[in-house]
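Chain residues, written in single-letter form:
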Amino acid sequence: MPSKLTVVVSQGQSASPIKRKLEEDIVAGLLFERGVEVTVIPHLYDLAPDGTGMLCLQSIPGDMVVLSWLYPRAAHWTLDRNRIHGRVGTTLLVADEEDEDESGDADDEDKHRVADDRPAPNRTIYCIDLRAANDAADFLTEVRRIAAETSVKTVSLDLMGWIKGQPKPDQLDRYLHAPNGGGDRAPATAPVPPPPAIPAAVPDLPLTAGSAPVAGTSETSAPAPMRIDEPTARRWYPVIDYSRCTNCLECLDFCLFGVYGISAAEAILVEQPDNCRKGCPACSRVCPANAIIFPQHKSPAIAGSANGEAGGLKIDLSKLFGAPDPLQVAVLERDVELVAAGKDAVGMSVGIPKRQPGKSAGTKDDLDRLMDQLDDLDL
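Just so it is clear, the structure is predicted and the values come from calculations on it, not from any experiment.

The rules behind the values
- Residues numbered from 1 in each chain as written.
- Predicted model: local features only at pLDDT ≥ 70, side-chain atom pairs only at ≥ 80, totals over all residues.
- Heavy atoms only, no water.
- Buried < 20%, exposed > 50% of the residue type's maximum accessible area, 1.4 Å probe, protein only.
- Helix = DSSP H or I, 4+ residues; strand = E, 2+ residues; numbered from the N terminus.
- Pairing = 2+ DSSP bridges.
- Right-handed = clockwise from strand over helix to strand, strands pointing away.
- Polar contact = N/O pair within 3.5 Å; in protein donor to acceptor, adjacent residues only side chain to side chain.
- Phe/Tyr/Trp six-rings, centres within 6.5 Å; stacked < 30°, edge-to-face > 60°.

1. Digging into the pairing of strand β2 (residues 36-41)
Item 1. Judged by how many residues are buried, β2 sits mostly within the fold: 5 of 6 residues are covered.
Item 2. The pairing of strand β1 (residues 5-10) with β2 spans 6 bridges and is classified as parallel. Across the sheet, V8 pairs through a bridge with T39, a residue of β2.
Item 3. Taking the sense of rotation as the criterion, the β-α-β connection linking β1, helix α1 (residues 17-30) and β2 turns out right-handed.
Item 4. One ladder, built from 2 bridges, connects β2 with strand β8 (residues 226-227); its direction is parallel. Its bridge partner being in β8, T39 is matched across the sheet by M226.

2. Considerations on the side chain of H297
Item 1. Note that H297 resides in the loop between β12 (292-293) and α8 (300-303).
Item 2. Overall, the relative accessible area of 15% leaves H297 in the buried class.
Item 3. At a separation of 3.0 Å, a polar atom in the side chain of H297 contacts the main-chain amide nitrogen of S299.

3. A word on the packing of aromatic side chains
Item 1. If you walk through the whole model with that rule in mind, you get 3 aromatic pairs.
Item 2. Considering the side-chain rings of W77 and Y242, the 6.1 Å spacing of their centres and the 75° angle between planes classify their relative orientation as edge-to-face. Of this pair, W77 sits in helix α3 (residues 72-81) while Y242 sits in the loop between β9 (239-240) and α6 (250-254); the two residues are 165 residues apart in sequence, bridging distant segments of the chain. Accessibility assignment for this pair places W77 and Y242 in one class, buried.
Item 3. Judged by centre distance (5.1 Å) and plane angle (20°), the rings of W236 and F294 are stacked.

Structure, rendered in structure tokens:
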């Protein structure tokens, strides 16, 4: 029998009545959906790595849908950093600014990504932004579509497993025609089990959240969703999109607060997330692959929008209107946090030799040394 699809509803950080109503309307509407289990958790980004909510998510074995107040890319890689891995599921319900195809640099397409070295996950995770629609019915329709898609996939896998587990045609023929005493054919004492039944289509249920059971069914009351009541506090830490990350380690060099580290596989990781300075997204601005996400930042580019590039074309175009260079902004943000932490500002002198405009990566010649001397004079 196909396993149930788990739908996770991640609540917003605020107690906004509008957000709460949408969340609860979705939960109520999903309770009567066959083949669906509902889990309600606090805000995904705020969950402690060893808390009840994250442990609950880690225990979900199959495909899942995650509805949260985060961009899908941010939600997916927040799950990933907590060892909840899965292929990126395609969703049809997206926010307006996520509609367009992601534009990437042609030169970057050939670069090796950290995700290329990781084994392919054996399940799919569908992340949906709760800001994509105002009506719970839209989310229920999309969950139904995904549930039907995963159900067909599960039945197909079960059927393939049934076929692989049966004797080959010649073996089956010999088994059914084996000699028995006086030459009679042996009866099929162990008949081949029938293939798994393909479930009937799930009838459309009313989309009105919290409605009564459908007439003619044996349902008398809706099952209760699993609710995780874990106390949380607002957090701030970077999330790495390993499908973009090239492991250049520039974030490790740039951050002076000990947030980043190196894994056993020599890949960059967020080692000490709580060392990050709240509100500071500087490392995201200097990441050449736009792989660092701060899900709670006000800028969509930094918060994980699929089309956003924190240091790319959109910010470069803003220079036409006098906006500062993203690298200069990042350096200023880092200096502010260093001073707030009781340390000295370092400006452009630490962690960004590869990113300084016009800086040569090769051996300095006489002209370079002369320019350095002039800089030292501070004329």
